[in-house]
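If you want the building blocks of each chain, they are given just below.
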Amino acid sequence: GTVKFNEESADDNVPAPGRKRERRKKENKRKTHKRQVLTTPTPAKFIEKPAPMTATEGENVEFTCRVEGFPEPKVGWYKGWREFTESAKYQLLHQDDCDDYTMVIRKVEMKEAGNYKVRIAND
């Protein structure tokens, strides 16, 4: 099966990310980007968008993006209109000291094939 990430276009009408998401520290040891401190209101924008990806059934899949804005952008991960929340299947990661956000789909299944999107917004 194929799991793909496609960029979201402005006219997709996906709702803004929810506000109740719990942020979890990313425990990955890879190189990270240090956060630029913004103090003036700045619209949310992508510094790096998730790359298109194909996976085999049973693998873990990671989609990562880097964003900036002030106040800190809220990040929502979607398949169609469904916004993902933290669960045993879907892990939502964010490091407090950088602007990287990651969604991990654990042991991807054929029924999860399709297009995934990320949306950012700030107040």
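Now for a quick tour of the structure. (Residues numbered from 1 in each chain as written. Predicted model: local features only at pLDDT ≥ 70, side-chain atom pairs only at ≥ 80, totals over all residues. Heavy atoms only, no water.)

A word on the overall build of the chain. When you go through the chain residue by residue, the secondary structure sums to zero helices and eight strands. Secondary structure elements of the chain occur, N-terminal to C-terminal, as β-β-β-β-β-β-β-β. Looking at the chain as a whole, 34% of its 123 residues are labelled buried. Within the chain, contacts between residues separated by at least 24 positions form 75% of all contacts whose residues are at least 6 apart in sequence. Carbon and sulfur atoms provide 49% of the accessible area of the chain, an area that totals close to 7600 Å². (Helix = DSSP H or I, 4+ residues; strand = E, 2+ residues; numbered from the N terminus. Buried < 20%, exposed > 50% of the residue type's maximum accessible area, 1.4 Å probe, protein only. Contact = heavy atoms within 4.5 Å. Areas by Shrake-Rupley, 256 points an atom, 1.4 Å probe, with all protein chains shown as cover.)

As enumerated under the stated definition, the model contains six salt bridges in all. Note that E48 is salt-bridged to R66, the shortest N-O span being 3.8 Å. Pair noted here: E48 is in strand β2 (residues 42-48) and R66 is in strand β3 (residues 61-70), with a separation of 18 residues, a long-range link. Residue E48 is classed as partly exposed on the basis of its relative accessible area of 42%. In this structure R66 comes out as buried when scored by relative accessible area, which is 16%. Put simply, K89, E109, K111 and E112 are held in one network by salt bridges that share partners. (Salt bridge = Lys/Arg side-chain N within 4 Å of Asp/Glu carboxyl O.)

The next subject is unusual backbone geometry. A cis amide bond, omega 0°, links F70 with the succeeding residue P71. Take P71: it is sitting in the loop between β3 and β4 (74-79).

Before going further, it helps to spend a moment on the packing of aromatic side chains. For any pair of aromatic rings, the description rests on two quantities: the centre-to-centre distance and the angle between the ring planes. In the structure shown here, the tally under the stated rule is three aromatic pairs. Aromatic side chains F84 and Y90 sit 4.6 Å apart centroid to centroid with 45° between the ring planes, which places their arrangement in the tilted category. Overall, the relative accessible area of 0% leaves F84 in the buried class. Between F84 and Y116, the aromatic rings sit 5.8 Å apart at their centres with planes inclined by 25°, giving stacked as the arrangement. In this pair, F84 is assigned in the loop between β5 (82-83) and β6 (90-94) and Y116 in strand β8 (residues 114-121), connecting sequence segments 32 residues apart. An aromatic cluster of three or more residues is present, and its members are F63, F84, Y90 and Y116. (Phe/Tyr/Trp six-rings, centres within 6.5 Å; stacked < 30°, edge-to-face > 60°.)

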